[in-house]
Structures are given as C-alpha cells and as structure tokens.
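A closer look at the structure
Listed below, chain by chain, are the residues.
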Amino acid sequence: MTARRSPSLAQGVVRVETVANLRRAVGVWRADGHRVGLVPTMGALHAGHLALVEEARRRCPRVVVSVFVNPAQFAPAEDFDEYPRDEAGDMAKLAALGVDLVFAPGRDEIYPAGFATTVTVAGAGAGLCAATRPHFFAGVATVVTKLLVQCLPDVAVFGEKDYQQLVVVRRLARDLDIPVEIVGVPTVREADGLAMSSRNAYLTPDERRIAGGLNVLLADVAGRVARGEAASGALAWGRQRLAGMGFDSIDYLELRDAETLEPVERATRPARVLAAVRIGGARLIDNRPVAPVVEAAG
Ligand code: PAF
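Residues numbered from 1 in each chain as written. Predicted model: local features only at pLDDT ≥ 70, side-chain atom pairs only at ≥ 80, totals over all residues. Heavy atoms only, no water.

**Things to note about the packing of aromatic side chains**
Put simply, the test is: Pairing of aromatic side chains here covers Phe, Tyr and the six-membered ring of Trp, requires ring centres within 6.5 Å, and sorts the geometry by plane angle: under 30 degrees stacked, over 60 edge-to-face, intermediate tilted. Comment: the charge-over-ring label is applied if NZ (Lys) or CZ (Arg) is within 6 Å of the ring centre and within 35 degrees of the ring normal.
Under the counting rule described, the total for this entry stands at 5 aromatic pairs. Note on Phe 74 and Phe 80: the rings are 5.4 Å apart at their centroids and 75 degrees apart in plane angle, and the pair reads as edge-to-face. An aromatic cluster is built from Phe 68, Tyr 111 and Phe 115, whose rings are joined through pairwise contacts. Residue placement shows Arg 85 over the ring face of Phe 80; its charged tip is 4.8 Å from the ring centre. When the ring centre of Trp 237 is taken as reference, the NZ or CZ atom of Arg 224 above it lies at 3.9 Å.

Structure representation (structure tokens):
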C-alpha cells in the first residue's frame with residue numbers, strides 16, 4: 001500500500017481512499033458493537049449535507065461520509081468538470097461535526113479498468129428527471145450500490161431534495177437485499193425557501209431572486225391538491241404560473257405517489273409535487289409533500 005493511499009488524519013477526521021481501508025475501519029467499529037451510518041455525497045458540502053450528517057450521527061455512534069464526484073451520473077455535455085469541489089472546506093465542516101471517517105476514493109477505486117456493471121432501477125428510475133437526464137439514475141444507482149456494499153452501513157442517509165433519487169435508492173436496497181435502512185431527511189432551505197444545492201452557486205443575483213419563487217409555487221400547487229383539486233387542474237395552473245416567473249424552461253411539474261412515484265390525479269395517499277426548471281446555467285429541482293385528502297364522511 002502506498003503512503004498516499006494509507007489512512008490520513010486531516011483536521012481530526014480519518015480520511016481513506018481505498019475500499020480496503022474503509023472496510024478495515026468499519027470492521028473494527030462493528031467488532032466493538034457500534035452501529036455505522038453512511039452519508040454519500042459529491043462534496044461541496046452545504047447546510048443540507050450537514051443535516052444528513054447530523055441525522056446519521058443521531059442514529060449511529062460511527063459516521064462515514066463519502067465524497068466522490070461520480071462521473072457516471074453526468075452526461076458528456078453536463079457540468080462534471082465545473083461541478084464545485086472544496087475538499088479542504090468539506091474536511092473542516094465534517095471535522096466540526098465529529099465525523100469519524102471520510103471515504104474519498106479516486107475514480108479508479110470505484111471504476112477500475114474493465115468495470116462493466118450498471119445498476120438500473122425501472123419504474124421509479126424512469127420519467128421525471130430521467131426524461132431529460134437518461135444516464136443519471138443508472139449512474140447514481142450504480143455508485144450508491146457500490147458504496148453500500150463497500151461500507152455495509154446500518155443506516156444510509158439521503159436528502160428529500162433529490163426525492164426521485166431517494167425513491168430509487170430505497171428500491172434498489174430492497175430489491176438487492178442490501179441490509180441497510182435508507183433514511184430520508186427533509187430539504188434544508190435558504191431564508192426565502194430555495195432548496196439548498198451545490199448548483200445554486202451557478203445562479204446570478206437576478207436568477208437567484210427568480211429561483212426563490214420555485215418553492216412558493218410548489219407549496220401553492222401542493223395546497224390546491226391537498227384541498228381536493230384534481231392534479232390536472234392544479235398542475236396546469238402551476239405550469240402557467242411558472243412560465244411567467246422568468247425561468248427559461250420547465251422540465252416537469254408533476255404530482256406523484258410519494259412511495260412509488262406513479263402519477264396520481266388525487267392525493268388519496270401521501271403524494272409529492274415535484275418540479276425541475278432551468279434558469280441560466282442551472283437546473284433546479286425541488287418538491288413538496290402533499291398530505292392525503294380526507295374525504296368528508298357521509
Ligand atoms: O446526491 C448526491 O450527491 C449524489 O447523487 C450521490 C447520492 C452522492 C451519488 O453520487
């Protein structure tokens with residue numbers, strides 16, 4: 001093993017780059033009877049990620065955060081090269097939260113020469129974001145499967161901000177019998193309600209002001225559906241409003257079942273209003289829960 005690939009202690013957090021060193025650390029914790037939580041990230045950590053880490057810490061005495069900008073979930077024309085990276089800042093934030101270990105593999109550690117396996121999730125992994133980013137969920141599902149198998153945590157924590165991703169990850173863990181509890185954490189928002197995202201850094205001040213309206217619109221649509229309005233009417237109203245707000249384009253605005261992501265016309269079970277819009281160099285996604293409509297008795 002070369003010195004570079006040995007565990008290193010950066011700002012009090014153990015940092016490893018290899019699966020072997022990750023497994024060694026997790027094995028020692030398990031032998032001591034500790035539960036282990038994993039928070040998969042692509043770095044450039046903001047308060048939304050830190051909420052995931054705090055949730056993992058609440059549930060498990062040992063917490064691993066993976067930091068890997070996964071090339072497989074970016075199409076060739078997408079922002080892999082520009083995606084924000086801030087390793088020193090990330091390590092400082094994770095040290096402040098008392099994270100036990102950061103797993104920061106290189107590309108070859110995750111995708112060694114000859115790598116030929118892809119995990120795809122039908123159903124939840126189709127439509128919505130997959131309609132315009134057809135490569136995306138196979139890339140996410142493959143890397144998340146690998147991270148879960150590499151770390152074998154008791155709990156893995158994901159943000160509800162990427163709601164379709166959360167449903168896809170729940171599905172693959174269930175389907176592949178990976179013994180892990182997948183936990184979703186509510187979206188952390190800026191003061192005006194904009195969902196926190198590493199890609200918000202791409203917004204100009206004018207675009208940032210417009211972007212703040214997305215969550216308000218989603219809350220309005222969710223309110224209409226919760227009051228009993230049919231999805232077709234509420235979504236048509238919402239799309240018209242979105243078109244006038246200054247976004248460049250709307251990828252989708254949909255009402256879906258919260259568990260399966262199947263389209264629903266009325267929220268008789270927990271549902272989600274989900275949207276993706278584009279403005280300037282950014283693509284923004286967000287969603288809001290819709291409580292089931294209670295039918296009046298008699
Ligand atoms: O949500 C993300 O940051 C990524 O999609 C994930 C889950 C870390 C997989 O690369």
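**Remarks on the sheet that holds strand β4 (residues 62–67)**
What counts, and what does not: Two strands pair if DSSP finds at least two bridges between them. By the criteria applied, helices consist of DSSP H or I runs no shorter than four residues and strands consist of E runs no shorter than two, each listed in order from the N terminus. Orientation is described by lines fitted to C-alpha atoms, with helices fitted over the stretch in contact, and by angles between N-to-C directions that extend from 0 to 180 degrees. Two residues form a contact once any of their heavy atoms are found within 4.5 Å.
Taking strand neighbours across the sheet as the criterion, the 7 strands line up as β1-β2-β5-β4-β3-β6-β7 in an open arrangement whose pairing is mixed. Edge positions in the sheet fall to β1 (8–10) and β7 (181–185), since each of these pairs with one other strand and no more. Strand-to-strand twist in this sheet, taken as the mean axis angle between neighbours without regard to direction, amounts to 30 degrees. Most of the contacts of helix α6 (residues 136–151) go to strand β3 (residues 36–41), to which it runs at about 155 degrees, and overall it touches β3, β4, β5 (101–103), β6 (155–159) and β7. Together, β6 and β7 form the strand contacts of helix α7 (residues 163–175), whose direction differs from that of β7 by roughly 170 degrees.

**Focus: the pairing of β4**
To keep things clear, this is the line we draw: Buried residues are those whose accessible area, probed at 1.4 Å on protein chains only, stays under 20% of the maximum for their type, while exposed residues exceed 50% and partly exposed ones sit between those limits. Note on handedness: a clockwise path from strand one over the helix to strand two, with the strands aimed away from the viewer, defines a right-handed crossover.
For β4, the buried fraction is high: 5 of the 6 residues fall into the buried class. As defined by bridge partners, β3 adjoins β4 across 6 bridges and the pair is classed as parallel. If you follow Gly 37 over to β4, its bridge partner there is Val 63. Between the parallel elements β3 and β4, the chain passes through helix α2 (residues 47–59) in a crossover that is right-handed. Across 3 bridges, the pairing between β4 and β5 is parallel. When the bridges of β5 are listed, Val 64 appears paired with Leu 101. In terms of handedness, the path from β4 via helix α3 (residues 87–96) over to β5 forms a crossover that is right-handed.

**Points about the nonpolar core**
In plain terms, the rule: Side-chain atoms within 4.5 Å are what join buried Ala, Val, Leu, Ile, Met, Phe, Trp, Tyr and Cys residues into a set we call a nonpolar core.
Within the largest apolar cluster, 47 residues are counted, with the highest numbers of intra-cluster contacts made by Leu 22, Val 64, Leu 101, Phe 103, Leu 148 and Ile 182. For this core, the elements supplying multiple residues, two or more each, are α1 (19–31), β3, β5, α5 (129–132), α6, β6, α7 and β9 (271–279). It is α6 that contributes the most residues to this core, 9 residues altogether. Beyond its immediate sequence surroundings of up to four residues, Leu 22 is in contact with Val 16, Val 64, Leu 101, Phe 103, Gln 150 and Cys 151.

**Structural notes on the side chain of Glu 160**
Along the polypeptide, Glu 160 turns up in the loop between β6 and α7. What makes Glu 160 buried here is its relative accessible area of 16%.

**A closer look at the environment of Thr 204**
Topologically, Thr 204 is positioned in the loop between β7 and α8 (205–211). Considered as a pair, Thr 204 and Pro 84 are 120 residues apart in the sequence and their alpha carbons are 16 Å apart.

**Looking at the pattern of salt bridges**
Definition in use: By definition here, a salt bridge exists when the distance from a side-chain nitrogen of Lys or Arg to a carboxyl oxygen of Asp or Glu is within 4 Å.
All chains considered together, the criterion is met by 20 salt bridges. Note that Arg 30 is salt-bridged to Asp 154, the shortest N-O span being 3.2 Å. Placement of the pair is Arg 30 in helix α1 and Asp 154 in the loop between α6 and β6, with a sequence separation of 124 residues.

**Remarks on the site of the ligand**
Formally: Throughout, near means a residue has at least one heavy atom within 4 Å of the molecule or strand. Whenever two N or O atoms come within 3.5 Å, that pair is a polar contact, provided that in protein one can donate a hydrogen and the other can accept it, and provided that, for residues adjacent in sequence, both atoms are side-chain atoms. Using a 1.4 Å probe, accessible areas were evaluated by the Shrake-Rupley method; residue-level cover was limited to the displayed protein chains. Throughout, the ten residues Ala, Val, Leu, Ile, Met, Phe, Trp, Tyr, Cys and Pro are labelled nonpolar, Asp, Glu, Lys and Arg are labelled charged, and all others, Gly among them, are labelled polar.
Around the ligand, the neighbouring residues are Pro 40, Thr 41, Met 42, Asn 70, Gln 73, Val 140, Val 143, Val 144, Phe 158, Asp 162 and Gln 165. In the environment of the ligand, an oxygen atom lies 2.7 Å from a nitrogen or oxygen atom belonging to the side chain of Gln 73. One of the side-chain nitrogen or oxygen atoms of Gln 165 is found 2.7 Å away from an oxygen atom of the ligand. Burial of the ligand by the surrounding chains reaches 89%, relative to a free accessible area of 290 Å². Listed by contribution, the elements that provide at least two residues to the shell around the ligand are β3 and α6. Broken down by element, the residue count for the shell around the ligand peaks at 3 residues, all from α6. Of the residues assigned to the shell around the ligand, the class counts are 6 nonpolar, 4 polar and 1 charged.

Functional significance is not addressed by these values, which are geometric in nature.
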